[in-house]
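Results of the structural survey
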Amino acid sequence: MPTDSTATSTPAAAPRPGWREVLRGVRDPKVALLLVLGLAAGLPFMLVGNTLGFWLRTEGIELGAIGFLSWVGIAYSVKFLWAPVVDRTTVPLLGRLGRRRGWLLLAQGGVVLGLLAMAILTPKGHLQLFGAIALGVALASATQDIVIDAWRIECAESSDQLAILSAAYQLGYRTALLLTDALIFLVAAQVGWASSYAAFAAMAFAGLVVVLFVGEPRSAGPSSTVGLPPLWTPRGLYDAILGPFIAFFLQHRQMALAVLAAISLYRLADFVMGPMANPLYADLGIAEQTIGKVRGGIGLAATFFGTAAAGVAALRLGLFPTLLLGAVLGPLSNLAFAWLALSGANNVVFGIAMAIDNFSAGFAGIALIAYMSSLTNVGYTATQYALLSSFYALLGKVMKGFSGVIVETLAQTRPLMEAYALFFAGTAALAVPAIALVAWLARHAPAGVSSKS
């Protein structure tokens, strides 16, 4: 079993890079590659998540059913169950292109075919089968995430480069989220939701083609598995499945549980409110064209600034200050949606809410990704990151399934918009434990870690 406990970060005492070094790092070709991979990873997420909720609502599906259907996203939170297989095996036939590339092409193929099937079937009259296909897309997308996350970490040659690559990945990812949660509304207004999903399936296929022309990460090559026992042996299964978890707890010891708790609570408020955001727009009567234009304009700009601000903060301020700032900014989105619900279909308020939501989500996303990436061990990259990213999302994705029922229950004794507002304000309070835990971790981190990654 590999025993190298060296994390991907450089020594804590390393000096912070200057602005010239930061700009030089941005010009690295790997940055463009991670931007593309981030786009590929982000495309399916909203199409089986919050955007799907708007489509379902326009088809007359009840809020309770929309909330429960959001549970297909739990696939992203249990990906650690098959991450060891992805980490240690190659795909038949496609594996000749490389261990990471083979799995990535297989997963992307599943995403493309699944989105096409959703476009052909549509939810009206086939909700159960439609939901099963959406689950298949989520499983393929989660597998794609396992590979891309490992790729991003394995490409980095230092903690500073990892921060830059993580920022590029998150920018691509957030751009894809805006495309599937903004541009798609403009497309759907013209050609309908089914044709829109078919168009984005074609976009996902374009990402698959790009992967054919990129090289395998050097640390993921054949030499990375030399000397390791075959996976399908008792020792191989032990090493692949238990090894990453044992290595994580040995490295972080008494802090391990606090780290996992902080990660699981960090974006909880955002996850729980998510399924009700698009139904709110539909119930407010905000036009699809307006949603697309505001999200694609103000939302895109806010995402860029939030992502860039987090990347610079991680390099200039350090990991924990950036992480704490992201935890504070995150619940501002929830409060902005509560304000929108009480303001009605006010385009100015809608634009401000989108700016707040996208800036805070972009910033918090980068902060969390950089932190989780710094916790992985060489030799267990894919599995450990899958474990961490599963903890980050599992609790929130379980809880968000009840979001529709909560709003419907609140609406029994008050107007629907007031029920929405109370729901969003209540979810903002879920961020308080995360802020407290991150502050505690920063205070008790080993010397030098709280301010430097």
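Presented here is a report on the structure given in the accompanying data block. (Residues numbered from 1 in each chain as written. Predicted model: local features only at pLDDT ≥ 70, side-chain atom pairs only at ≥ 80, totals over all residues. Heavy atoms only, no water.)

1. Focus: the overall build of the chain
Summing up its helical and strand segments, the chain has 21 helices and zero strands in all. Relative to its full complement of 453 residues, the chain shows a buried share of 55%. Across the chain, contacts joining residues at least 24 apart in sequence account for 83% of those joining residues at least 6 apart. Carbon and sulfur atoms make up 70% of the accessible area of the chain, which totals about 17600 Å². (Helix = DSSP H or I, 4+ residues; strand = E, 2+ residues; numbered from the N terminus. Buried < 20%, exposed > 50% of the residue type's maximum accessible area, 1.4 Å probe, protein only. Contact = heavy atoms within 4.5 Å. Areas by Shrake-Rupley, 256 points an atom, 1.4 Å probe, with all protein chains shown as cover.)

2. A short note on the nonpolar core
Counting residues in each nonpolar core, the largest one holds 121 residues, and the members touching the most others are Met118, Tyr197 and Tyr281. With 13 residues, the top contributor of residues to this core is helix H7 (residues 127–155). Core analysis: the second largest hydrophobic core is formed by six residues, Ala167, Ala313, Phe363 and Ile366 among them. (Core = buried A, V, L, I, M, F, W, Y, C linked by side-chain atoms within 4.5 Å.)

3. Observations concerning the environment of Gly404
Mapped onto the secondary structure, Gly404 falls in helix H19 (residues 403–410). We classify Gly404 as buried; its relative accessible area is 0%. C-alpha of Gly404 to C-alpha of Phe68: the two residues are 336 residues apart in sequence and 7.8 Å apart in space. Discounting residues that sit within four places of it in the chain, Gly404 has contacts with Leu63, Gly64, Gly67 and Met276.

4. Topic: unusual backbone geometry
The backbone of Leu93 sits at a positive phi, close to 70 degrees, despite the residue not being glycine. Examined against the element boundaries, Leu93 turns out to sit in the loop between helix H5 (83–88) and helix H6 (99–121). Within the chain, Thr122 stands out as a residue other than glycine whose phi angle is a positive 65 degrees. For Thr122, the location among the structural elements is in the loop between H6 and H7.

5. Some words on empty space enclosed by the protein
In total, this model carries six cavities of 30 Å³ or more according to the counting rule given. Space inside the largest cavity adds up to approximately 780 Å³. Lining the largest cavity are 42 residues, with Phe45, Tyr173, Arg174, Leu177 and Tyr392 positioned closest to its centre. The element that contributes the greatest number of residues to the lining of the largest cavity is helix H17 (residues 347–374), accounting for eight residues. By residue class, the composition of the lining of the largest cavity is 22 nonpolar, nine polar and eleven charged. (1 Å grid on protein atoms, 1.4 Å probe; cavity = no way out; pocket = protein on both sides within 12 Å on 5 of 7 lines; lining within 4 Å. Points joined across faces, edges and corners; volume = space filled by probe spheres on them. Nonpolar A, V, L, I, M, F, W, Y, C, P; charged D, E, K, R; others polar.)

6. What about the pattern of salt bridges?
Across all of its chains, the model carries five salt bridges by this definition. In this structure, Arg267 and Asp270 form a salt bridge, with 3.0 Å as the shortest nitrogen-oxygen distance. A relative accessible area of 10% places Arg267 in the buried class. According to the relative accessible area criterion, Asp270 is partly exposed, its value standing at 25%. Arg414 is the partner of Glu418 in a salt bridge, and the nearest nitrogen-oxygen pair spans 3.5 Å. Under the relative-accessibility criterion, Glu418 is labelled partly exposed at 36%. When its relative accessible area of 25% is taken as the criterion, Arg414 is described as partly exposed. (Salt bridge = Lys/Arg side-chain N within 4 Å of Asp/Glu carboxyl O.)

7. What about the packing of aromatic side chains?
Counted under the stated rule, the structure contains 20 aromatic pairs. Judged by centre distance (5.1 Å) and plane angle (65 degrees), the ring pair of Phe45 and Tyr76 falls under edge-to-face. Of this pair, Phe45 sits in helix H2 (residues 29–47) while Tyr76 is found in the loop between helix H4 (63–69) and H5, placing the two residues 31 residues apart along the sequence. Of the two residues examined, Phe45 and Tyr76, each falls in the buried class. One aromatic cluster is present, built from ring pairs that chain together Phe54, Trp55, Phe130, Phe185, Trp193 and Tyr197. Its end group placed over the ring of Tyr169, Arg152 keeps NZ or CZ at 5.3 Å from the ring centre. (Phe/Tyr/Trp six-rings, centres within 6.5 Å; stacked < 30°, edge-to-face > 60°. Lys NZ or Arg CZ within 6 Å of the ring centre and 35° of its normal.)

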